[in-house]
Amino acid sequence: MTTPTPPEQRSRNALGNISVLYVSALLRAAAAEGADADALAARFQLDRSALASPAARISIPRFMRLGHAAITDTGNRALGLRMGALSRPVDAGIAGLAGATAETAGDAMATLIRYALLTSQNSRGAPSLNPERREARFYSIRPYNGFNYFVVDSVLAAWTQFLRTVTGRYEVLENISIEYPSIGLDDQFEAWFRCPVHFGARSNHLTIKQSVWEQANQEAQPAMHEKLTQLCEREWQQLRRGWTTADRVKHLLTPLFQGETPSLETIATKLGMTPWTLQRHLAAEGSGFRELVDDTRRQLARDYIRETSASLAEIAWLLGFANPAAFHKAYRRWFGESPGEHRKILKTGSKNG
């Protein structure tokens, strides 16, 4: 049974965390491509006990570095596809098991995506499903680089493999859209997904064939699906109940920062409140909207500088600053030094360590 991550653990890395279930799938893919998975895990301080714990998490940046290392070791830039091909419903935790017992393939995907929060929490957003268009969407993780291409690849490939598992069919998609630009592997991607793949798209998503969406699930088991869904719902509600109003505001702020500062009115609307009501709830918790905007930016800035190779201009945009100069000024106020200086210090400390 998956254990939700307590609020105090969620804040340790503002960029998010991911279940070691996905780490195990990545290591299997690396091993299948000839890498020494045990040595790779050891380099990232991942021991057997951690990988065996359904409640264990690692930070999103650490997962990205692990994936980049696996790609370097194997020489396979499409390792995310291999990871997806080797994924099983259980690799998505209890949500995967619940989905695998649903009545139809469409119901299976709806279950898998609804409860994705139980195994992956990312500051950029959450996956979503549009049943009318049969479209499963993965949020943007711009800026793209060698450390995060594989994340998009592995998620879309795992969803595709999940559909293949529950339907017994190989050609399950109408098309795939990928936000990052082509890296020269278009033919390989189209051969794996068995459908047109559009790079440089406006979003990351796959469109499921109508016949597949409606197809009965080969592994359907109504009683077990109901039981597993009840467990998922209980844990999902428990997880959300553990959030204060401030937690919910921070959760909404991050994906909206890109290029601008979200307004109080925007966040209040998303929470189904009036701006005045939101301010009142935050005041009751000893907080305020401007304070949360600043605090969220500070946490994210620290983690972007420490955990990613994103340029300072990219980080400024991701934090919603009008220009890099405004970001530099805020960073000095938060940490007493410029972001460039801080990054150099962290890199020096990492080498010496």
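Bear in mind the structure is a predicted one, so any value in this text is a computation, not a measurement.

1. Focus: the overall build of the chain
Along the chain, the regular secondary structure elements total 19 helices and 8 strands. For 353 residues, the compact-globule estimate of 2.2 N^0.38 gives 20 Å, and the chain sits close to it at 21 Å. Considered along the principal axes of its C-alpha atoms, the chain spans approximately 55 × 50 × 40 Å. Out of the 353 residues belonging to the chain, those deemed buried represent 52%. The contacts in the chain between residues at least 6 apart in sequence include a share of 71% that link residues at least 24 apart. Surface summary for the chain: the accessible area is close to 16,200 Å², and the carbon and sulfur share equals 51%. Averaging the positions of the 42 positive and the 35 negative side-chain charges in the chain gives two centres separated by 5 Å.

2. Quick word on the side chain of His 205
Mapped onto the fold, His 205 is located in strand E8 (residues 204-208). When its relative accessible area of 11% is taken as the criterion, His 205 is described as buried. At 2.8 Å, the side chain of His 205 forms a polar contact with the side chain of Ser 203. In this structure, His 205 is in contact with Glu 135, Ala 136, Arg 137, Leu 156, Asn 175, Ile 176 and Ser 177, ignoring residues within four places of it in sequence.

3. A word on the pattern of salt bridges
Following the criterion strictly, the structure yields 18 salt bridges and no others. Here Asp 73 and Arg 43 are joined by a salt bridge, their closest N and O atoms 2.9 Å apart. Taken together, the positions of Asp 73 in helix H5 (residues 60-74) and Arg 43 in helix H3 (residues 37-43) put the pair 30 residues apart, joining distant regions of the chain. Taking the relative accessible area as the measure of exposure, Asp 73 reaches 37% and is therefore partly exposed. Residue Arg 43 is classed as partly exposed on the basis of its relative accessible area of 46%. Residue Glu 135 is joined to Arg 133 by a salt bridge in which the shortest nitrogen-to-oxygen separation is 3.8 Å.

4. Observations concerning helix H15 (residues 275-284)
Among all positions in H15, only Thr 277, Leu 278 and Leu 282 are buried. Angular distribution of buried residues about the axis of H15 spans 135°; they occupy a single face of the element. Those residues of H15 that are exposed and aimed more than 90 degrees away from the buried face are Trp 276, Ala 283 and Ala 284. Considering only its buried residues, H15 is in contact with helix H13 (245-256), helix H14 (264-270) and helix H16 (289-307).

5. Points about the confidence of the model for the chain
Of all residues in the chain, 95% have pLDDT values of 70 or greater, and the mean over the chain is 90. Segment residues 1-12: pLDDT under 50, and 26 contacts once partners within four positions in sequence are set aside and those in other chains are kept.

6. Description of the environment of Ser 203
Examined against the element boundaries, Ser 203 turns out to sit in the loop between strand E7 (197-199) and E8. The exposure class assigned to Ser 203 is buried, which follows from its relative accessible area of 11%. Once the C-alpha coordinates of Ser 203 and Glu 179 are considered, the two residues, 24 residues apart in sequence, prove to be 5.0 Å apart. The residues contacting Ser 203, other than those within four sequence positions of it, are Arg 137, Ser 177, Ile 178 and Glu 179. Within polar-contact distance, the side chain of Ser 203 engages the side chain of Arg 137 at 2.6 Å.

7. Digging into empty space enclosed by the protein
Rolled over the atoms, a probe sized like a water molecule indicates the empty space that remains. Throughout the structure, instances matching the rule amount to 1 cavity of 30 Å³ or more. Together, 33 residues line the largest cavity, and Tyr 22, Ser 120, Val 155, Ala 158 and Trp 159 are the ones closest to its centre. Elements with a minimum of two residues in the lining of the largest cavity: helix H2 (20-32), H5, helix H8 (105-114), strand E3 (120-122) and helix H9 (149-167). A total of 6 residues in the lining of the largest cavity trace back to one element, the largest contributor, which is H9. A per-class count over the lining of the largest cavity returns 23 nonpolar, 8 polar and 2 charged.

8. With respect to the sheet that holds strand E2 (residues 57-59)
Ordered by their spatial adjacency, 3 strands build an open sheet running E2-E1-E3, and the pairing between neighbours is antiparallel. Both outer strands of the open sheet, E2 and E3, are each paired with one neighbouring strand and no more. Adjacent strand axes in the sheet meet at a mean angle of 25° when their direction is disregarded. The sheet contacts of H5 involve strand E1 (16-19), E2 and E3, and relative to E2 the element is tilted by about 85°.

9. Thoughts on the packing of aromatic side chains
Counted by the stated rule, this structure contains 15 aromatic pairs. Ring centres 4.5 Å apart and planes at 50° place the aromatic pair Tyr 149 and Tyr 180 in the tilted group. Of this pair, Tyr 149 sits in helix H9 while Tyr 180 sits in the loop between strand E6 (173-178) and helix H10 (186-193), and the two are 31 residues apart along the sequence. Take Tyr 180: its relative accessible area is 0%, and that puts it in the buried class. Ring geometry for Tyr 180 and Phe 199: centres 5.8 Å apart, planes at 45°, overall tilted. Note that Tyr 180 is positioned in the loop between E6 and H10 and Phe 199 in strand E7, a separation of 19 residues in sequence. These aromatic residues form a ring-pair network of at least three members: Tyr 144, Tyr 149, Tyr 180, Phe 189, Trp 192, Phe 193 and Phe 199. Cation over ring: Arg 297 sits above Phe 321, and NZ or CZ is 4.3 Å from the ring centre.

Rules of the game
Residues numbered from 1 in each chain as written. Predicted model: local features only at pLDDT ≥ 70, side-chain atom pairs only at ≥ 80, totals over all residues. Heavy atoms only, no water. Helix = DSSP H or I, 4+ residues; strand = E, 2+ residues; numbered from the N terminus. Rg over C-alpha atoms; globule rule 2.2 N^0.38 Å. Buried < 20%, exposed > 50% of the residue type's maximum accessible area, 1.4 Å probe, protein only. Contact = heavy atoms within 4.5 Å. Areas by Shrake-Rupley, 256 points an atom, 1.4 Å probe, with all protein chains shown as cover. Lys, Arg positive; Asp, Glu negative; His and termini not counted. Charge placed at Lys NZ, Arg CZ, Asp CG, Glu CD. Polar contact = N/O pair within 3.5 Å; in protein donor to acceptor, adjacent residues only side chain to side chain. Salt bridge = Lys/Arg side-chain N within 4 Å of Asp/Glu carboxyl O. Arc of directions from axis to C-beta. pLDDT = per-residue confidence, 0-100. 1 Å grid on protein atoms, 1.4 Å probe; cavity = no way out; pocket = protein on both sides within 12 Å on 5 of 7 lines; lining within 4 Å. Points joined across faces, edges and corners; volume = space filled by probe spheres on them. Nonpolar A, V, L, I, M, F, W, Y, C, P; charged D, E, K, R; others polar. Pairing = 2+ DSSP bridges. Axes fitted to C-alpha atoms, helices over the stretch in contact; angles between N-to-C directions. Phe/Tyr/Trp six-rings, centres within 6.5 Å; stacked < 30°, edge-to-face > 60°. Lys NZ or Arg CZ within 6 Å of the ring centre and 35° of its normal.

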